[in-house]
Each structure stands twice: as structure tokens, then as C-alpha cells.
Protein chains: 2
Amino acid sequence: MNYPNNINKSYKKFVTYNNRGMDLENSINEANEYYLENNLALIYKKPTPIGIVKVSYENNSKVIDKAYFKEPSTLDYNGIYKGKYIEFEAKETTNKTSFPLRNIHPHQIKHISKVLEHGGIVFIIIKINQLDYLLDGKDFLDYIENNQRNSITYDYIKEKGFVINYKFNKGLDYLSILDKKYFS
Amino acid sequence: MNYPNNINKSYKKFVTYNNRGMDLENSINEANEYYLENNLALIYKKPTPIGIVKVSYENNSKVIDKAYFKEPSTLDYNGIYKGKYIEFEAKETTNKTSFPLRNIHPHQIKHISKVLEHGGIVFIIIKINQLDYLLDGKDFLDYIENNQRNSITYDYIKEKGFVINYKFNKGLDYLSILDKKYFS
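Thresholds, definitions, all that
- Residues numbered from 1 in each chain as written.
- Chains lettered and ligands numbered in written order.
- Predicted model: local features only at pLDDT ≥ 70, side-chain atom pairs only at ≥ 80, totals over all residues.
- Heavy atoms only, no water.
- Helix = DSSP H or I, 4+ residues; strand = E, 2+ residues; numbered from the N terminus.
- Buried < 20%, exposed > 50% of the residue type's maximum accessible area, 1.4 Å probe, protein only.
- Contact = heavy atoms within 4.5 Å.
- Areas by Shrake-Rupley, 256 points an atom, 1.4 Å probe, with all protein chains shown as cover.
- Salt bridge = Lys/Arg side-chain N within 4 Å of Asp/Glu carboxyl O.
- Axes fitted to C-alpha atoms, helices over the stretch in contact; angles between N-to-C directions.
- Parallel < 35°, antiparallel > 145°, perpendicular 65-115°, else oblique.
- Left-handed = near helix turned anticlockwise from the far one by under 90°.
- Nonpolar A, V, L, I, M, F, W, Y, C, P; charged D, E, K, R; others polar.
- Pairing = 2+ DSSP bridges.

(A) Fine view of the overall build of chain A. If you tally the helices and strands in chain A, you get six helices and twelve strands. Within chain A, the fraction of its 184 residues that count as buried is 47%. Expressed as a percentage of contacts within chain A between residues at least 6 apart in sequence, the contacts between residues at least 24 apart total 65%. Accessible surface, chain A: about 9,200 Å² in total, of which carbon and sulfur atoms supply 46%.

What follows is the structure in C-alpha cells.
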């Protein structure tokens, strides 16, 4: 596991405990709001793509009466940090030994490779065994290319990933990892 | 009006004629698909933000039975080009002398200023009088700050904006304008 500088393991355990029960999406949204309010980064969750089948009007405003969910071809979050394009996906698994690849659609895998080609920063946040790991898009693709498994082993995630700390009032503070991995 | 280099006016008229009747969103989607297929840029339209009120299950898949449209706080399109973060909005008006500012929500105006602060490229594509103009976010904000009007005059759009050409099989080719304005 790559520990970013100065990580105090007992602190990490403490914050992990605090974070227990808060779902991954909420803790990322909390971070994004903190970053927005403090003008550190602009990262938004994309709305879920839907196909609208039927609309009607109620009090002069359009209402959706029927729609279905579409499969996303990009990742859930994107935005800008220190002038760089950022995009990522966040997934949690209850598996203890591996992260099942069915969590990421084939279109999204292609997309990750395209973002890298165009010079963007792309990664996956994987919540596994009560810890939140940031796994770089390149490491993610390397694993897929070199393994026939349909899941990424927890050992690989520990080896290549960075543990992200949940911080009180800041949420899941992934920018501190980006600073270490991409901006130092 | 800032004509990009080598624009042949008769060609411009020709392509504008071809584009007549095709709506702005389709001509931008066509360009984005062309850019994606040719690996020039990764730009996607964000799904419309919705609030889901009620879902049900049909044949094991989740279906939306009731939802409403939310007001967007970011712009419609974003992505990456030559390593840079790109975001824009596209609007058309049937007004001939000005572009009504009610087309852009107050949250979006704030957002434009934030994208600029964080070093992104941000602009508005305005279709007015059968022409598609790219107006830089900074020029857009400058106008709002220095004018009390609730619309941007066509004269200002012509002065500061760049006419984007519709090209056969390429759609509304705004990257060629970005090359001239931001990458030359």
C-alpha cells in the first residue's frame, strides 16, 4: 500500500470509524461541497443518464411520468482541479478479497483509457474492507490488460492504491491524494 | 466579428444553409461524436439533472415512474481537449437584436466565473440570426458586469464572438475556433 506522507495509522482508523455507515457517495459529495465552498476544486457528480419516455405538465412545469436508466459511458464525477481535467468513478464492494469488475461497464473502461490519452487525471475510488482507496486509471487498466480475472485482488488494490482519509467537515478528502500523486 | 483565418464567406453561407433546420443541440452532438471517433477531444453533454420521486421494477429493472427536472448549476457540456478542461453551454434565440440573459441561470453565471478561476476554458455557443457564435466566458461575464441590460446585444456578440462553421459529417466544428482562440 502506498501510504501518503505522514499518515498516522491510528488516526486513519479513527476516521474510518467515523465514516462507518456513511455511504461512499455521500462522503464524496461532502468533499465536493467543501472543495466548492473553499474554492479548491470544481467537481460535480453527473446526473444519472436517463431515457425519457413520457412527460406531462403540472402547474405549467414539465414532469416526467416514465423514464428508464441508461448505462453510463463516462464516469460519475468530473471537473477541474488546478487547471487539470479530473474524472472518476466511486464504487463499493462487500467482497473482502477482491473488487468485481462487473462494477465498471466496458464503455467506462474504454473511456478511462481515452481520458488518459487526452491528458486528464482519471481514477477509481474503491471502498473495500471499510477503507476507501484511490486507484489510478493507468493502474486499473494495467491490471485488466495483464490478468484474466473478472475482479481486481485486494492485494493489488493495497499495493497500488492510496488510502483516502475521511475528515470531519471535509468528507472523503481525495484532493490530498491527488496532490501527492499528480501534483508533487 | 472576429473571423478566424481563411474563412471563405460564401462557404460559410453555404454551410449555414445546410445547417438550417438542424437544431443546435444535434449539430453539437454530431461534432462531439466526430471528435470522439477521431480521438480529437472527449466532450459529452451532461444528462439533464432530475429529481426522482418514484421508481418501480419491471422485469427486474428499475423504472422511473415520477421525476421532475432540476435547475442545472453547471453548463450542459464538458470534457477535455488537448489536456485542458472545457465546459460550455449552447443556446439559441429567435430574437434578432439580442440574446436574453434569462437563458442562463444565475448559478450557471457563477459557475462560469469559477471555471475561469480554476483555469478551465469556458464559453457559450449562441445561435442567433441563423449563425452560431462562440462567446468566451470572460467576454460574457464582462458584458454582464458592465451593463444593466437583461440581454446581450447582437452587436456585442458580433464584436466579441467567433462564427462557428457547420461542416458536413463533422457537425458544428467548434474545436477549430478553440484552436484559434486558446491554443495558438
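After that view of the structure, there is still more to cover.
(B) Looking closely at the pattern of salt bridges. Counted according to the given criterion, the structure contains 16 salt bridges over all chains. The partner of A:Asp76 in a salt bridge is A:Lys45, with the nearest N and O atoms 4.0 Å apart. One end of the pair, A:Asp76, is in the loop between strand 3 (61-69) and strand 4 (77-81); the other, A:Lys45, is in strand 1 (residues 42-45), and 31 residues separate them in sequence. Between B:Lys138 and B:Asp142 there is a salt bridge whose closest N-O contact spans 3.1 Å. Of this pair, B:Lys138 and B:Asp142 both sit in helix 4 (residues 137-146), four residues apart, which is roughly one turn of the helix.

(C) Just the packing of helix 3 (residues 106-117) of chain A against helix 4 (residues 137-146) of chain A, in detail. Residues and elements named next belong to chain A. Relative orientation of the contacting elements helix 3 and helix 4 amounts to 130°, with a least axis distance of 10 Å. With respect to their mutual orientation, helix 3 and helix 4 come out oblique. Crossing handedness for the pair helix 3 and helix 4: left-handed. Side by side, helix 3 and helix 4 meet where Ile-109, Ile-112, Ser-113 and Leu-116 of the first sit next to Gly-137, Lys-138, Phe-140, Leu-141 and Ile-144 of the second. The residue inventory of the contact of helix 3 with helix 4, partitioned by class, reads six nonpolar, two polar and one charged.

(D) Representation of the sheet that holds strand 2 (residues 50-58) of chain B in the model. The sheet built from four strands is open, its strands ordered 2(A)-3(A)-3(B)-2(B) with antiparallel pairing. Both edges of this open sheet fall to strand 2 (50-58) of chain A together with strand 2 of chain B, since each of them pairs with a single strand only. The average undirected angle you get between the axes of adjacent strands in this sheet is 20°. Taken together, the eight bridges between strand 2 of chain A and strand 3 of chain A define a ladder with antiparallel strand orientation. Pairing of A:Tyr57 across the sheet is with A:Lys62, part of strand 3 of chain A.

Geometric descriptors of this kind do not, in isolation, establish any biological role.
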